[in-house]
Amino acid sequence: MLFHKPHISLQGYFMSEATEENQSQIFKKAIETENVQFTFFYQWLKSNMPPTFFENISHEHLSLIAHNLMGFHLQEYFSQILLKNSAIVLCIDSPNADLQVLRYFRAYGIRVYRTFISKHPLPLQKHQKLYLRVSILYFTTVMAPPEQHPSSLLNNLFEKLQKKYPDLSFQEFEEVMGSISPHFLRIHSPKRLVLALEMYFRAKTRDHCQYETWFEKKWQKEEGPSMRIVLAWRNAPKHNFLYLLAQLIHRHQLVMRRVNASYVNPFSKQNILIMSLGLHGSNGKPVWEVADVTDFLRELVLLKFFPDLGLIGTTFVQKNLIRGNLGVFLKCATTFIHQILVHLDSYQYAHQKIEQAICRHPLLTLKICELFEFRFHPEKHSRRLYLASRKDFLKELGLLDTGNEDNDIFHRNVLKQGLNFVEHTLKTNFYRNNKTAISFRLDPRYLNHVPFDRTKVFPELPYAIFFIKGMHYFGFHIRFKDLSRGGLRTVFPSNYEQMEIESKGIFLECYNLARTQNNKNKD
């Protein structure tokens, strides 16, 4: 048997020893550098974060944050720390910081969202003042056991609630409290807890958002939010809800200082969201100096019912060309216009193409929104301004010429019907402070201004036309007399294709049913 003797290089041996010694020195120096950096950022957090931050963060989590700050500049100043049922996000404070944070957690049900901002800029950029923003998120968990709360707190809350709800039993009260997280109870005073529970009991029998708001006049002294909202909402979605709320708040130039939520019966068909919001102006000023609070609240109560405005949202609302509420108005208007113009050509005047036409001419569409406000806005309504704006709209519409006659006719028809929709609306609930759907009563003479022979499709003018649009539905009420008998017809499509087919003829079907009922019952 032949053995080969291995060849050993003494030069390589001494080089490897030198390399190992060198690496040991590098490793030792790296640990020393890391210790210095960790100590620096840990002390910086201790001296620069507000006192409330340390009430909501553990020592272990504080160490994690300090470690992440060491390489913060290498992560584009955005760092996520993912934990079990929670997350910590570090970013630079900015007006859209909430959107940057929450877009990564759109699929989560978030029950706690707290943000804390450093007192002084981060010591990373010499020429830029970058303030650290730490966001803490807690997620909803699956089928957690009922929570145990101090009996003294329960008895105190129950006594106060019984004064307003004398029929409330202690057993029912305990079941509700068992679904509320201890964190939600811990951070709220008994007075605010009673208010939150009142909103809950109101939401049990109502679909629209139950809320109370108040301003904090001493916000500067307390360094907290200048406006607070306590709300309860039945069947509010968990997926994407807080992100949509953050978008709404950002559009009104506000920021979320505090968000705390708890779901009662979260996995049932009658789940109720209880939420406490603390808001402040994105420029550091109080809410009432930055935003139109009334308009903000009107948009807030529609968030569940009109979560996605589609092309209208991306074209107008997200670019701040119009307010979110007017985006809802345009969504309703396009649905009604489609129901009328579909009788010209069901393919050319499909709902999607009508939305595209509305977005194709933004200046004329903005005029339609302006006309609607001049007619119905509680404070801006003006007959004089409406007539002047209407005249300008018709003049600009007449000058519409892209060189493609068929396209111009199509766009003119859609935009003209938008004007007619505003012109013939008699009343609307659009400017009510709380609602679950948008409704319009229209003058039936609207049908005299359609771009086809009305008598072939709608032989008689009705007495009244009502149009309603909500979360997953739209409908009409048509009658031919002041008092008319009739019924309710509801169409539940089994799939999207059937919905597309059925939705084209809802207005016509309702018209024909009402007309038949009127001719059949002459008494």
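The rules behind these values
- Residues numbered from 1 in each chain as written.
- Predicted model: local features only at pLDDT ≥ 70, side-chain atom pairs only at ≥ 80, totals over all residues.
- Heavy atoms only, no water.
- Pairing = 2+ DSSP bridges.
- Helix = DSSP H or I, 4+ residues; strand = E, 2+ residues; numbered from the N terminus.
- Axes fitted to C-alpha atoms, helices over the stretch in contact; angles between N-to-C directions.
- Contact = heavy atoms within 4.5 Å.
- Salt bridge = Lys/Arg side-chain N within 4 Å of Asp/Glu carboxyl O.
- Buried < 20%, exposed > 50% of the residue type's maximum accessible area, 1.4 Å probe, protein only.
- Core = buried A, V, L, I, M, F, W, Y, C linked by side-chain atoms within 4.5 Å.
- Phe/Tyr/Trp six-rings, centres within 6.5 Å; stacked < 30°, edge-to-face > 60°.
- Lys NZ or Arg CZ within 6 Å of the ring centre and 35° of its normal.

Engineer: Run through the sheet that holds strand β1 (residues 78-83), naming residues and quoting values.
Structural biologist: Taking strand neighbours across the sheet as the criterion, the 8 strands line up as β1-β2-β4-β3-β7-β8-β6-β5 in an open arrangement whose pairing is antiparallel. Two strands lie at the open edges of the sheet, namely β1 and β5 (210-215), each paired on one side alone. Between one strand axis and the next, the sheet turns by 15° as a mean value, whatever way the strands run. With 8 bridges joining them, strand β3 (residues 110-121) and strand β4 (residues 131-139) adopt antiparallel strand pairing. In the sheet register, Y113 faces β4, and the bridge partner there is L137. Running over the sheet, helix α12 (residues 293-300) touches β5, β6 (227-234), β7 (254-264) and β8 (272-281) and is turned about 20° from β6.

Engineer: Lay out the pattern of salt bridges with the relevant residues and their values.
Structural biologist: In this structure the tally under the stated criterion is 18 salt bridges. Between K331 and E355 there is a salt bridge, with its nearest N and O atoms 2.8 Å apart. With K331 in helix α14 (residues 324-341) and E355 in helix α15 (residues 351-360), this pair connects stretches of sequence that are 24 residues apart. Overall, the relative accessible area of 15% leaves K331 in the buried class. Of the residues examined, E355 reaches a relative accessible area of 8% and is grouped as buried. Across the salt bridge formed by R390 and E423, the nearest N and O atoms sit 3.0 Å from each other. Of the two residues, R390 is situated in helix α17 (residues 383-398) and E423 in helix α18 (residues 405-423); the sequence distance between them amounts to 33 residues.

Engineer: Give me the nonpolar core: which residues, what numbers.
Structural biologist: The biggest cluster of nonpolar side chains holds 105 residues, and the ones touching the most others in it are L137, I229, M256, M275 and F329. The dominant element in this core, judged by the number of residues it contributes, is α14, at 10 residues. In contact with M256, not counting residues within four places along its chain, are D98, L102, Y113, T115, R133, L242, A246, I249, L277, G278 and L279. In this structure, L154, L185, M199 and F201 belong to the second largest nonpolar core, which totals 25 residues.

Engineer: Outline the packing of aromatic side chains, listing residues and values.
Structural biologist: Tallied over the entire structure, the rule returns 39 aromatic pairs. Taken together, a centroid distance of 6.3 Å and an interplanar angle of 75° make the contact between F336 and F507 edge-to-face. In this pair, F336 sits in helix α14 while F507 sits in helix α21 (residues 506-520), placing the two residues 171 residues apart along the sequence. Judged by centre distance (6.2 Å) and plane angle (85°), the ring pair of F474 and F476 falls under edge-to-face. Looking at F476, the relative accessible area reads 11%, which means it is buried. The cationic tip of K353 hangs over the ring face of Y347; the distance from NZ or CZ to the ring centre is 3.6 Å. When the ring centre of Y386 is taken as reference, the NZ or CZ atom of R375 above it lies at 6.0 Å.

Just geometry here; none of it tells us what the structure is for.
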